[in-house]
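# Reading the structure
So the chains spell out like this:
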Amino acid sequence: MPPHTEATFLLLLLLCFFSATAKGGRFARLGINYGTLGDDLPSAARSVHLLHSIGAGAVKIYDANPAILRALAGTRFRVSIMVPNEIIPSLGVNASAADAWVGTNLGPFYPAVRVRYLLVGNEILSYTSLANSTWPFLVPAMVNIHRALSARSIRDVKVGTTLAMDALATSFPPSAGAFRSDIAEPVMRPLLRFLHKTRSYYFVDAYPYFAWASNPSSIRLDYALFTSNASFNYFDPGSKLTYTNLFDQMLDAVAAAMGRLGSGDVRIAVAETGWPNAGDLDQIGANVHNAAIYNRNLARRLAARPALGTPARPGAVMPVFIFSLYNENQKPGPGTERHWGLLYPNGSKVYEVDLSGRRPLDSYPPLPPPDNNEPYKGKIWCVFGGDRKAAANATTVGAALAYACGQGNGTCDAIRPGGPCYKPNTLVAHASYAFNSYWQQFRQAGGTCFFDGLAVQTKTNPSYGTCKYASLTN
């Protein structure tokens, strides 16, 4: 061909290559879940700066916080916002309410903020208490939100909802994946039809940590951390596919469940994944070492081009959001809930991680050795652990004490006048006894040693004199 024609051809070829790379690689950088359940977190503007510093490519927030959206305006972050669970019924029955929500919460910020996903609710199918009040309105609310976006000519925002792995009744082997019978027909089938029609994603919260921690004797830790060698791969006899890690296994179980309902072509996105950097004494494997290994390997895996996908969906490119930006000290529940962050609230890194996935793994500095990869077998107590400021707040401590004493049978008999633990007669001493008494009674039923941040676990027996604190061996 003539020289100028050849040059033109090569230019077009390069443009196509870079276009395809950009298109296929737009999710190469991991997204981050930016939660705000902390009383010591940086401002929204500072947080956006920190998101840049750690190389995030996207950010997901759990509402439509205007301060955060203003801080994200003009940036290149892809943004996901969320409709609160409690307003889903009203949006499902009232198209005008859905339109008003979009107008109020998205309208002032779009397109200056690159909103790409609008998620209706957060894991609502995990709460059977919402079966009658909210589940029937989930898909209608999504439809109404989608129509409100279309009415404003907003075509590049995908509507979805986040679902936990407990939406599946069966997840092993992956090829046997199936949704729970209570949601399969009434909720999942219409949901999947909507996602297919709108070319949106099934957003799943996939945590290999929880699967491994609940059964560490059967699942290898290195399989959960993407570090397993070939001798420990899993062969699925149903699909004849081989798995090298638990993350892929979980996603393919979701894919199989969708396929059973005739929607195997719906794309998957990971709304949350990650590994806790710390936890309670009785929580196995929650440490900085494992968290860093998991997220570094995840980033490297997702940065591969062409995309690796999963065994059942090779080459699939998917949005993935790590949980979370910060350790959040006000999250209730067990200790891991407050320790998923890549950053401490002061902005310093919990550990080094390159979210672009380009940094060689052997270039990272040494990590602290893991100290809890085996179950803790000793005795544990739950005692007051608040600081001086908290201890001085008699109202807060008193409310926590009253709650603990109001549960169970005889929870606080020992700290009543004349009881063996009545003295010293101080609010903090009585709170320690009450927290422990409550927790020892109810820990097996899900009770936690938290009490709004006032309680901590300890290996040191707090008993004294004739005052004996109950304990269970973990």
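Residues numbered from 1 in each chain as written. Predicted model: local features only at pLDDT ≥ 70, side-chain atom pairs only at ≥ 80, totals over all residues. Heavy atoms only, no water.

In the nomenclature of an unreviewed UniProt entry, the protein chain corresponds to glucan endo-1,3-beta-D-glucosidase from the organism Musa balbisiana. According to its UniProt record, the protein chain has this under Sequence similarities (unreviewed entry): "Belongs to the glycosyl hydrolase 17 family." (UniProt positions renumbered as here; feature names shortened; annotations may be inferred.)

### Re the nonpolar core
Inside soluble globular proteins, nonpolar side chains tend to come together where they are buried. Core analysis: the biggest nonpolar cluster contains 107 residues, and Ile81, Leu118, Val120, Ile145, Phe179 and Tyr202 have the highest contact counts within it. Sort the elements by how many residues they give to this core and helix H10 (residues 246–260) lands first, with nine residues. If we skip the residues at most four places from it in the chain, phenylalanine 179 touches Ala167, Leu168, Ala169, Ala184, Met188, Leu192, Tyr202, Ala257, Met258 and Leu261. Judged by nonpolar contacts, the second largest core, of 25 residues, contains Val383, Ile415, Tyr438 and Phe451. (Core = buried A, V, L, I, M, F, W, Y, C linked by side-chain atoms within 4.5 Å. Buried < 20%, exposed > 50% of the residue type's maximum accessible area, 1.4 Å probe, protein only. Helix = DSSP H or I, 4+ residues; strand = E, 2+ residues; numbered from the N terminus. Contact = heavy atoms within 4.5 Å.)

### Some thoughts on unusual backbone geometry
With an omega dihedral of -10°, the bond running from phenylalanine 172 to proline 173 counts as a cis peptide bond. With respect to the helices, strands and loops of the structure, proline 173 is situated in the loop between strand E6 (168–170) and strand E7 (178–179). Of note, the bond from lysine 423 into proline 424 is cis; its omega dihedral lies within 30 degrees of zero at 0°. Mapped onto the elements, proline 424 comes out in the loop between helix H13 (394–405) and helix H14 (427–442). For glutamate 123, which is not glycine, the phi dihedral falls at a positive 55°. Among the secondary structure elements, glutamate 123 is positioned in the loop between strand E4 (115–122) and helix H6 (138–151). Judged by its relative accessible area of 18%, glutamate 123 is buried. You will see that phenylalanine 226, though not glycine, has its phi angle at about 65°, which is positive. Within the fold, phenylalanine 226 resides in the loop between helix H9 (221–224) and strand E9 (234–236).

### A look at H10
Relative to the 21 Å expected for 15 residues at 1.5 Å per residue, H10 spans 21 Å between its end C-alpha atoms, a close match to the ideal helical length. Where H10 begins, the side chain of asparagine 245 points an oxygen toward the backbone nitrogen of phenylalanine 247, at a separation of 3.2 Å. Backbone geometry just after H10 places glycine 262 at a positive phi near 80°. (Expected span 1.5 Å × (residues − 1). Polar contact = N/O pair within 3.5 Å; in protein donor to acceptor, adjacent residues only side chain to side chain.)

### Looking at the packing of helix H5 (residues 95–105) against H6
For the pair H5 and H6, interaxial distance at closest approach is 8 Å and the crossing angle is 55°. Comparing the axis directions of H5 and H6 gives the class oblique. Like other packed secondary-structure pairs, H5 and H6 cross with a definite hand, here right-handed. Contacts from Ala95, Ala98, Asp99, Trp101 and Val102 of H5 reach H6 at Asn144, Ile145, Ala148 and Leu149. Taken together, the residues of the contact of H5 with H6 sort by class into seven nonpolar, one polar and one charged. (Axes fitted to C-alpha atoms, helices over the stretch in contact; angles between N-to-C directions. Parallel < 35°, antiparallel > 145°, perpendicular 65-115°, else oblique. Left-handed = near helix turned anticlockwise from the far one by under 90°. Nonpolar A, V, L, I, M, F, W, Y, C, P; charged D, E, K, R; others polar.)

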